[in-house]
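Structural features, examined
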Amino acid sequence: GSSSYLLPVVGEGLDLAWAPTQTILIMAMYDSTTPNLKYVSFIEEILPFTDVVPSATIGWACEFVPVILNNNSNSVPSEVKQAVSQLVATASSGMPTSQS
């Protein structure tokens, strides 16, 4: 993650070691909904200065946002629905509006 930038040269070396671990974790969590995310995650960790790509967040969004938007209340815990609703409200309140 971004904490590897605390030590500039060593941080990129840590990313090389972390890449396979993160790929396995992403694959275990999100392979059923976004099977190509493991490749994106691996490339993101291997390439220098690409830690800004939120691989796990993308996987989470691909798995839960469609369910939440379809309002399928049986498969999503209420805590997750509430958190997503707050995030959407916060994001949309910070967006500029067009003025006529």
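**A word on the confidence of the model for the protein**
Taken residue by residue, the protein gives an average pLDDT of 78. The fraction at 70 or more is 81%. Within the protein, no element has a lower average pLDDT than helix H4 (residues 78–93), which sits at 78, and none a higher one than helix H2 (residues 37–46), at 89.

**Points about the packing of aromatic side chains**
For the structure on display, the rule yields one aromatic pair. Ring centres of Trp60 and Phe64 lie 5.3 Å apart, and the angle between their planes is 40°; on these two criteria the pair is classed as tilted. Note that Trp60 and Phe64 are positioned in helix H3 (residues 55–69) at a spacing of four residues, about one turn of the helix.

**Regarding helix H1 (residues 8–30)**
Taking 1.5 Å of rise per residue, 23 residues should cover 33 Å, and H1 covers 30 Å from first to last C-alpha, within 8% of that figure. Along H1, the sharpest kink reaches roughly 40°, centred on Trp18 and followed within four residues by the proline Pro20. For H1, every residue scored as buried is listed here: Gly11, Glu12, Asp15, Ala19, Gln22, Thr23, Ile26 and Tyr30.

**Overview of the environment of Pro35**
Counting through the fold element by element, Pro35 comes out in the loop between H1 and H2. Along the chain, Pro35 and Gly59 lie 24 residues apart, while their C-alpha atoms are 9.4 Å from each other.

**Concerning the packing of H2 against H3**
Where H2 contacts H3, the axes come no closer than 10 Å and their chain directions differ by 165°. Taken together, the axis directions place H2 and H3 in an arrangement best described as roughly antiparallel. The two elements H2 and H3 meet at a crossing, and its hand is right-handed. Along the contact surface, H2 presents Leu37, Ser41 and Glu44, while H3 presents Ser55, Ile58 and Gly59. Of the residues belonging to the contact of H2 with H3, the class tally is two nonpolar, three polar and one charged.

Definitions and limits used
- Residues numbered from 1 in each chain as written.
- Predicted model: local features only at pLDDT ≥ 70, side-chain atom pairs only at ≥ 80, totals over all residues.
- Heavy atoms only, no water.
- pLDDT = per-residue confidence, 0-100.
- Helix = DSSP H or I, 4+ residues; strand = E, 2+ residues; numbered from the N terminus.
- Phe/Tyr/Trp six-rings, centres within 6.5 Å; stacked < 30°, edge-to-face > 60°.
- Expected span 1.5 Å × (residues − 1).
- Bend = angle between axes of the 7 residues up to and from the residue.
- Buried < 20%, exposed > 50% of the residue type's maximum accessible area, 1.4 Å probe, protein only.
- Axes fitted to C-alpha atoms, helices over the stretch in contact; angles between N-to-C directions.
- Parallel < 35°, antiparallel > 145°, perpendicular 65-115°, else oblique.
- Left-handed = near helix turned anticlockwise from the far one by under 90°.
- Contact = heavy atoms within 4.5 Å.
- Nonpolar A, V, L, I, M, F, W, Y, C, P; charged D, E, K, R; others polar.

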